[in-house]
Amino acid sequence: FFSIFTMFSSSMKQSGKRALQTCIRPIATSAYFDMLKDDEGNKYMEVSVNGVAALRLPQVNKGAAFTLEERKALHLSGLLPPTVKTMEQQVERCYGAYSQIPTNIEKYQYLRHLQERNEHLYYAFLAAHLAEVMPVIYTPTVGEACRKYSYMFNFPRGLSFSVDNISNADQIVGEYHLQDIRMIVVTDSSAILGIGDQGYGGMGIPIGKLALYTAAGGVSPFQTCPITLDVGTGREDLLNDPMYLGVKMPRLKGKPYMEMMEKFVQAVKRNWPKAIIQWEDYSKDVAFEVLHRFRDEISSFNDDIQGTGAVTLAGVIAACQKTGQKLSDQMIVISGAGAGGAGVAWVLREGMIREGLTPEQACARVMVLDSTGLLYHGRERMEAYKLDSAQTPELAKSFAPDGGVPDLLQTIKGSKATCLIGLGGISGQFTEEIVKAVAANCDTPIILPLSNPNANVEAFPEDIVKWTDNRALIACGSPFDDVPLPDGGSVPIGQGNNAFVFPGLGAGAIVVGATKITDNMMMEGGYAVAEYCCQHWPELKRLYPPVSEMRVVGKEVAKRVALQAVKDGVATISDQSDEAVIAAVEESFWEPVYPTVVPRKFGCVL
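Residues numbered from 1 in each chain as written. Predicted model: local features only at pLDDT ≥ 70, side-chain atom pairs only at ≥ 80, totals over all residues. Heavy atoms only, no water.

Asks: I tried to follow the overall build of the protein on my own but got confused; where do I start?
Replies: Along the protein, the regular secondary structure elements total 25 helices and 16 strands. Computed over the C-alpha atoms, the radius of gyration of the protein is 25 Å, within 12% of the 25 Å expected from 2.2 N^0.38 for a compact globule of 606 residues. The principal-axis extent of the C-alpha atoms belonging to the protein is close to 90 × 60 × 50 Å. For the protein, the proportion of its 606 residues judged to be buried stands at 60%. Of the roughly 24,000 Å² of accessible surface on the protein, 53% is carried by carbon and sulfur atoms. Placing the 56 positive and 68 negative side-chain charges of the protein at their respective mean positions leaves the two points 4 Å apart. (Helix = DSSP H or I, 4+ residues; strand = E, 2+ residues; numbered from the N terminus. Rg over C-alpha atoms; globule rule 2.2 N^0.38 Å. Buried < 20%, exposed > 50% of the residue type's maximum accessible area, 1.4 Å probe, protein only. Areas by Shrake-Rupley, 256 points an atom, 1.4 Å probe, with all protein chains shown as cover. Lys, Arg positive; Asp, Glu negative; His and termini not counted. Charge placed at Lys NZ, Arg CZ, Asp CG, Glu CD.)

Here is the structure:
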């Protein structure tokens, strides 16, 4: 190996190219490679693999884009086609193949194979076609991928913990090939999208989410790790399936469950002290407990609760700004009181409090319903986490004089709702009668059927346009085409996707070394998205920017979140001036560009 490096150094000097600087660092990027900079600030990669091994490591592999010098230094001569290609040519070739694939689940599998073959090329492909591939790499296609995970499995990615290995968590984390992890997405697979308990198959969610952290937030993929905590499953069909890849045991609950969470968190803290954890797709039974237990112990947040709240806030704020109103002018009804519904209710109340309302006044303007009906104090069968969103018994009685629990229609009429938000996953719940009841209360109703995937949407956009005579401002959680109008125009249907917020949130927190993800940081992400939309897309009916601009939006969110972290006193970056923080976000934003690859210097890894 040393002779390989000597040969490479000699050829570099003979050709008059720059000599590489000796590096000293406390943490290596990986056991197999390091990302470094030379004297001129150019990034390059030192690797400890060559030959076929270099072609099999996705973080290193360039395929036909390896230069002739790199092929010689890394013993790749004869292993690749003779012509050197550019990344742009490779993206074009991949897109040609991708375009011929007939179904989204097959396209998903193609892109996962690309990710495991050549990671730089994968992200270059996403950057070039983000709007087109978003529904493939994430919702709704990722839901199908999770259902079929055990049957489609080809490549392991990230880490998997179960009752069988959690006692060795420190060793497992310490031996992971990527050694400077800054962003973790972890799931227990108990509430995957709108399809529930998927057991080990939920691993598709952390993989997809982290792809978006890089594609939209500029987080280096070499500093991310998807993780599944396999605590069992409550589904008999999975337990009886001979192809199922997860642990075949009933789902852990109570003390044993929290003990496993504790062991995981402590292993992360000891080995990756700068890592941020995103808790993902936890059922409402444990989501709030896990978030509150660990958010002050390790920098972490729950995207289903807080991220959904922030992105919904963005859509409602954009609607208010475009109609000359304030958030506190709205009377809001939320159908769905799970983790997402609770998070949305909280952030909307906080937004109203920022505008001058008291907590009591804000609560009275945000109605939340679960499967039983309106939440109110004294109602039977209501979990503790719902109490913050509960109304007074007197108000509930005024909506339903017969003494029953007010239903959705009664709540809309009784409260004179101007904004209706769907997060309960009940397909078709927003009927013509329901939508017209909201439209009767104001000139420009805000209707947001946000449930995922598309099959669970509360109402289709074209129906809402028709039922409100095109007066409504509409956005959905899943992608929908714009609605054509008889005059040849169309109504844009924005996508209230959490990916407008969480990638930039994570990126900003990483840059400033945030020791906690504060509530203000979450809200600032939502306000940043709304302001971007209003500034760059001022047309009345568009409540979110196009998905094609998600990467630009992600950088803006990162800047705002990083600055807010400084204000909240949780940033550890040395220079905390606004200029330095913004410059740090710009500098750290990862781009899918091939670095020069050279053999690792002898003795450089500490």
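Asks: I would appreciate a short explanation of the environment of Glu-116 in the present structure.
Replies: As for its placement among the helices and strands, Glu-116 is situated in helix α5 (residues 104–117). On the accessibility criterion, Glu-116 (12% relative accessible area) is buried. Along the primary structure Glu-116 and Leu-423 are separated by 307 residues, whereas in three dimensions their C-alpha atoms are 34 Å apart. Glu-116 has contacts with Pro-58, Phe-155, Pro-156 and Arg-157, leaving out every residue within four places of it along the chain. There is a polar contact of 2.7 Å between the side chain of Glu-116 and the side chain of Arg-157. (Contact = heavy atoms within 4.5 Å. Polar contact = N/O pair within 3.5 Å; in protein donor to acceptor, adjacent residues only side chain to side chain.)

Asks: I keep staring at the sheet that holds strand β15 (residues 494–495) and nothing clicks. Help me out?
Replies: Whenever strands of a sheet pair, they do so through backbone hydrogen bonds, lying parallel or antiparallel. Overall, parallel pairing links the six strands, which are arranged β9-β8-β10-β11-β12-β15 in an open sheet. Each having just a single partner strand, β9 (366–369) and β15 make up the two edges of the open sheet. The pairing of strand β12 (residues 473–476) with β15 spans two bridges and is parallel. The residue of β15 that forms the bridge with Ala-475 is Gly-494. (Pairing = 2+ DSSP bridges.)

Asks: In this structure, what is going on with the packing of helix α6 (residues 119–128) against helix α7 (residues 130–137)? I would like to understand it.
Replies: Each pair of packed helices can be described by the angle between their axes along with the distance between the axes. At a minimum axis separation of 6 Å, α6 and α7 run at an interaxial angle of 115 degrees. Within the contact between the two elements, α6 uses Tyr-122, Phe-125, Leu-126, Ala-127 and Ala-128 and α7 uses Leu-130, Val-133 and Ile-137. (Axes fitted to C-alpha atoms, helices over the stretch in contact; angles between N-to-C directions.)

Asks: Whenever I open this one, the nonpolar core confuses me. Can you help?
Replies: Most often, soluble globular proteins have nonpolar side chains that are buried together. Grouped together as the largest cluster of nonpolar side chains are 165 residues, with contacts concentrated most on Phe-264 and Leu-348. Here the element with the most residues in this core is helix α15 (residues 303–322); it accounts for 10 residues. Ignoring anything within four residues of it in the chain, the contact list for Phe-264 reads Phe-161, Ile-166, Ile-184, Val-186, Ile-227, Leu-229, Ile-277 and Trp-279. Formed by 31 residues, the second largest nonpolar core is a distinct cluster that contains Tyr-376, Val-457, Trp-467 and Val-483. (Core = buried A, V, L, I, M, F, W, Y, C linked by side-chain atoms within 4.5 Å.)

Asks: I keep staring at the packing of aromatic side chains and nothing clicks. Help me out?
Replies: A ring pair, where both rings are aromatic, is described by two values, the distance of the centres and the angle of the planes. One pass over the structure, following the stated rule, counts 19 aromatic pairs. Geometrically, the ring pair formed by Tyr-98 and Tyr-110 is tilted, given 6.4 Å between the ring centres and 55 degrees between the ring planes. Remark: Tyr-110 occurs in helix α5 and Tyr-98 occurs in helix α4 (residues 87–99); sequence separation between them is 12 residues. With a relative accessible area of 1%, Tyr-98 lands in the buried category. Ring geometry for Tyr-176 and Trp-272: centres 5.9 Å apart, planes at 65 degrees, overall edge-to-face. With a gap of 96 residues between them, Tyr-176 in the loop between α10 (169–174) and β4 (183–187) and Trp-272 in the loop between α13 (254–271) and β6 (276–280) connect regions that are remote in the sequence. As far as the burial class goes, Tyr-176 and Trp-272 line up, both buried. Taken together, Phe-33, Tyr-122, Tyr-123, Phe-222 and Trp-590 form an aromatic cluster joined through their ring pairs. The aromatic ring of Trp-537 is capped on one face by Arg-542, whose charged end is 5.0 Å from the ring centroid. Here Lys-555 stacks its cationic end above the ring of Phe-589, 4.7 Å away from the centre of that ring. (Phe/Tyr/Trp six-rings, centres within 6.5 Å; stacked < 30°, edge-to-face > 60°. Lys NZ or Arg CZ within 6 Å of the ring centre and 35° of its normal.)

Asks: Can you walk me through helix α11 (residues 204–217) in this structure?
Replies: Because an α-helix packs 3.6 residues into every turn, residues spaced three or four apart end up facing the same way. With 14 residues, α11 should cover 20 Å at 1.5 Å per step; its first-to-last C-alpha distance of 19 Å lies within 8% of that length. Most of α11 sits inside the fold, with 14 of its 14 residues counted as buried. (Expected span 1.5 Å × (residues − 1).)

Asks: Explanation requested: α13 in the structure shown.
Replies: End to end, α13 covers 27 Å across 18 residues, agreeing with the expected 26 Å (1.5 Å per residue, within 8%). Each element contacted by the buried residues of α13 is listed here: β3 (159–162), α10, β4, β5 (224–230), β6 and α14 (284–294).

Asks: It is not clear to me how the pattern of salt bridges should be interpreted in this structure. Could you clarify?
Replies: Side-chain pairing between opposite charges can occur once the charged atoms of the two side chains come close. Under the defined criterion, the tally for this structure stands at 32 salt bridges. Note that Arg-379 and Asp-370 form a salt bridge whose closest N and O atoms lie 2.7 Å from each other. When sorted by exposure, Arg-379 lands in the same class as Asp-370, which is buried. Among the salt bridges present, the one from Glu-531 reaches Arg-560, with a minimum N-O distance of 3.0 Å. Linking Glu-531 in helix α23 (residues 519–536) with Arg-560 in helix α24 (residues 550–567), this pair joins segments that are 29 residues apart in sequence. Within the structure, one salt-bridge network assembled from shared partners comprises Lys-284, Asp-370, Arg-379, Glu-383 and Lys-386. (Salt bridge = Lys/Arg side-chain N within 4 Å of Asp/Glu carboxyl O.)

Asks: Is there a simple way to explain the packing of α5 against α7 in this structure?
Replies: For the pair α5 and α7, interaxial distance at closest approach is 9 Å and the crossing angle is 100 degrees. As the angle between them shows, α5 and α7 are arranged roughly perpendicular. Facing α5, whose interface residues are Asn-104, Lys-107, Tyr-108 and Leu-111, α7 presents Val-133, Val-136 and Ile-137. Counted by class, the contact of α5 with α7 contains five nonpolar, one polar and one charged residues. (Parallel < 35°, antiparallel > 145°, perpendicular 65-115°, else oblique. Nonpolar A, V, L, I, M, F, W, Y, C, P; charged D, E, K, R; others polar.)

Asks: Is there a simple way to think about the environment of Asn-168 in this case?
Replies: One can find Asn-168 in the loop between β3 and α10. Since its relative accessible area comes to 42%, Asn-168 is described here as partly exposed. As for Asn-168 and Gly-525, which are separated by 357 residues in sequence, their C-alpha atoms are 37 Å apart.

Asks: What exactly am I supposed to notice about the side chain of Asp-34 here?
Replies: Position of Asp-34 among the secondary structure elements: in strand β1 (residues 33–37). In this structure Asp-34 comes out as buried when scored by relative accessible area, which is 0%. Of the polar contacts made by the side chain of Asp-34, one reaches the backbone nitrogen of Thr-29; its length is 3.0 Å. There is a polar contact of 2.4 Å between the side chain of Asp-34 and the side chain of Arg-600.

Asks: Just checking my understanding: could you explain the state of the cysteines for this structure?
Replies: As used in these notes, a disulfide is a covalent bond between sulfur atoms, one from each of two cysteines. This structure, assessed with the given rule, holds zero disulfides. Take Cys-146: it sits in no disulfide, and the sulfur closest to it among the cysteines is that of Cys-225, at 17 Å. Residue Cys-146 is classed as buried on the basis of its relative accessible area of 2%. Note on Cys-419: no disulfide assigned, nearest cysteine sulfur contributed by Cys-320 at a separation of 7.7 Å. Exposure remark for Cys-419: the relative accessible area of 0% places this residue in the buried category. (Disulfide = S-S within 2.5 Å.)

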